[in-house]
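Commentary on secondary and tertiary structure
Below are the chains, spelled out letter by letter.
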Amino acid sequence: DAVHYDALQGTVLDPGEAVLVLHRSRDGRYAFVETRDYRGWVDMNAIAETDAETWHSFAAPKEFFTVTAAQLCIEDAELLYQLGAKIPIGSRADGSRCILLPMRGAGGRLHVQKFPMPGANAVAEGRLPLTHNNLIRLAFLPLGMEYGWGGANEGMDCSSYVQNIYRAMGIELPRDAELQEKACTLVPLTGLTREERYLRIAEAPPGALLFRPGHVMLYLGQDAGGTPLVIHDISSYYEGGEKQYIRKVVVSHLDFLNARGAAAIDTLDAIGLVVPAR
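Counting restarts for each chain, with residues numbered from 1 along the sequence as it is written. Given that this is a predicted model, residues contribute local features only at a pLDDT of at least 70 and side-chain atom pairs are listed and counted only at 80 or more, while totals for whole chains, interfaces and linings are drawn from all residues. With hydrogens and water excluded, all non-hydrogen atoms of the structure serve as input to the side-chain values.

Regarding the nonpolar core
Here, the term nonpolar core denotes a set of buried Ala, Val, Leu, Ile, Met, Phe, Trp, Tyr and Cys residues that are joined through side-chain atoms within 4.5 Å. Burial here depends on accessible area, computed with a 1.4 Å probe over protein chains only, as a share of the maximum for the residue type. Under 20% is buried, over 50% is exposed, and the range in between is partly exposed. Residues Tyr-161, Ile-165, Tyr-166, Met-169, Leu-209 and Leu-218 are the most contacted members of the largest nonpolar core, which totals 29 residues. Segments assigned H or I by DSSP are reported as helices when at least four residues long, segments assigned E as strands when at least two residues long, and all are numbered from the N terminus. Residue assignment for this core shows that the elements contributing at least two residues are helix 2 (132-140), helix 3 (158-167), strand 12 (209-212) and strand 13 (215-222). For this core, the leading source of residues is helix 3, giving 5 residues.

Points about the packing of aromatic side chains
Put simply, two rings from Phe, Tyr or Trp (the six-membered ring, in Trp's case) pair if the centres are within 6.5 Å, and we call them stacked under 30 degrees between planes, edge-to-face over 60, tilted for the rest. For the structure shown, the criterion picks out 3 aromatic pairs. Between the aromatic rings of Phe-32 and Trp-41, the centroid separation amounts to 5.3 Å while the plane-to-plane angle is 65 degrees, which identifies the pairing as edge-to-face. Ring pairing ties together the aromatic residues Tyr-5, Tyr-147 and Trp-149, which thus form one cluster. In this scheme, Lys NZ or Arg CZ marks a charge over a ring once it lies within 6 Å of the ring centre and within 35 degrees of the ring normal. Its guanidinium or amino end placed over the ring of Phe-64, Lys-86 lies 4.7 Å from that ring's centre, counting from NZ or CZ.

A word on the environment of Lys-243
As for its position among the elements, Lys-243 is in strand 15 (residues 242-252). On the basis of relative accessible area, Lys-243 is assigned to the partly exposed category, the value being 36%. Between the C-alpha atoms of Lys-243 and Leu-257, which are 14 residues apart in sequence, the distance is 9.6 Å. If sequence neighbours within four positions are ignored, Lys-243 has contacts with Ser-236, Tyr-237 and Tyr-238. It only takes one pair of heavy atoms within 4.5 Å for two residues to be counted as in contact.

With respect to a nonpolar patch on the surface
Patch membership requires more than 30% relative accessible area and the absence of a salt bridge. Residues of like charge join within 9 Å; the nonpolar side chains Val, Leu, Ile, Met, Phe, Trp and Tyr join within 5 Å. Here, Shrake-Rupley sampling with a 1.4 Å probe gives the accessible areas, and only protein chains in the shown set may cover a residue. Any Lys or Arg side-chain nitrogen found within 4 Å of a carboxyl oxygen on Asp or Glu counts as a salt bridge. A cluster of nonpolar side chains, Phe-140, Leu-143 and Val-251, forms an exposed patch at the surface whose accessible area comes to about 240 Å². One can find Val-251 in strand 15.

Points about the state of the cysteines
In plain terms, two cysteine sulfur atoms within 2.5 Å form what is called a disulfide here. Following the criterion strictly, the structure yields 0 disulfides and no others. Looking at the unpaired Cys-98, the closest cysteine sulfur is the one in Cys-73, lying at 19 Å. Judged by relative accessible area, which is 0%, Cys-98 ranks as buried.

As for helix 2
Buried residues of helix 2: Asn-134, Leu-135, Leu-138 and Ala-139, and no others. In a view along the axis of helix 2, the buried residues occupy a sector of 130 degrees, so they form one face of it. Structurally, helix 2 contributes buried residues whose contacts are with helix 3, strand 13 and strand 14 (228-239). What the arc describes is the spread of directions from the helix axis to the C-beta atoms.

Concerning the packing of helix 2 against helix 3
Close contact between helix 2 and helix 3 brings their axes to 9 Å; oriented N to C, the two are set at 140 degrees. With respect to helix 3, the element helix 2 is oriented oblique. In terms of crossing hand, the pair formed by helix 2 and helix 3 is right-handed. Along its contact with helix 2, which presents Leu-135, Leu-138 and Ala-139, the element helix 3 presents Tyr-161, Ile-165 and Tyr-166. The convention used is that axes are lines fitted to C-alpha atoms, helices contributing only their stretch in contact, and that angles between N-to-C directions extend from 0 to 180 degrees. Note on terminology: angles under 35 degrees are roughly parallel, angles over 145 are roughly antiparallel, angles of 65 to 115 are roughly perpendicular, and the others are oblique. Each crossing gets its hand from how the near helix is turned against the far one by less than a right angle, where anticlockwise is left-handed and clockwise is right-handed.

Side note on the sheet that holds strand 12
One bridge is not enough; two strands pair if DSSP finds at least two bridges between them. Judged by pairing direction, the sheet is antiparallel, and its 6 strands sit side by side in the order 11-16-12-13-14-15 without closing on themselves. Two strands lie at the open edges of the sheet, namely strand 11 (185-188) and strand 15, each paired on one side alone. Averaged over all pairs of adjacent strands, the angle between their axes in this sheet comes to 35 degrees, without regard to strand direction. Sheet topology places strand 12 next to strand 13; 4 bridges connect them, and they run antiparallel. Looking across to strand 13, one finds that Leu-209 is bridged to Leu-218. Helix 3 contacts strand 12, strand 13, strand 14 and strand 15 of the sheet and is inclined by roughly 55 degrees relative to strand 13.

What about the pairing of strand 3 (residues 39-43)?
Bridging between strand 2 (residues 30-34) and strand 3 involves 5 bridges; their strand directions are antiparallel. Within strand 3, the position partnered with Phe-32 by the bridge is Trp-41.

Quick look at the sheet that holds strand 3
Spatially, the 3 strands line up as an open sheet ordered 1-2-3, and their pairing is antiparallel. In the strand order of this sheet, the two ends are held by strand 1 (20-24) and strand 3, each with one partner. Put simply, the sheet's adjacent strands are angled 40 degrees from each other on average, direction ignored.

Let's talk about unusual backbone geometry
In this model, Asn-153 sits at a positive phi of 60 degrees, which is unusual for a non-glycine residue. Along the chain, Asn-153 turns up in the loop between helix 2 and helix 3. With a phi close to 60 degrees, Glu-154 is a non-glycine residue in the positive phi region. Tracing the chain through its elements places Glu-154 in the loop between helix 2 and helix 3.

Next comes the structure, spelled out in structure tokens:
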């Protein structure tokens, strides 16, 4: 009855994300591609082929904007970008700046189209500086946004939420929570008492990641009463033995329960330190 999940969907790709086509299905409808995160099948109608130079201009643009909104919809082009996505910068004949958008033209070839600049609050030039202020500000942008497993429902899941925040500041984390945990400097919590866990968390900097099996949260710090708070993209929790769907980005404490009645604080594996932030 897990109708909110699709085991066949791994992640969502931003428009203009450069991929390598490794194989095509026999009927020609799908391509097996390698992305910066995954290998998987993509509908051929969502792929535009191009030459190596143009491909590199999207894979590693020299000048680009970073999406600094929870998401950016370019309605005229019917394109939706997630937080932290790169959009190459171009220039018009009069010297004014514009954004370069990927369009699928005749025969499935890439047609790069120039569009007006988005609003100032929607993008920033280059990657943002890695600071605590930017980290927390970015974390709160999607507050209340609908949860989306693998990017379904134009949303994010717990690990893509964390990944998008950090990539906006130039830190490329793996896509999944398990691999994100392996990529961090870890402060182990396994085997500690609840009191010892709270003491370790109190020493962590804001923006540290808290890992439990299948879930990742971003630590915000303590409230006025000394209770640690996290912000995370959560699908559900348990209350009185009943599953409660919440399915959005929320700020919470660490007392919410899992199916076995264990509080989140007691199920944490480790604190993940990504990089020292100023």
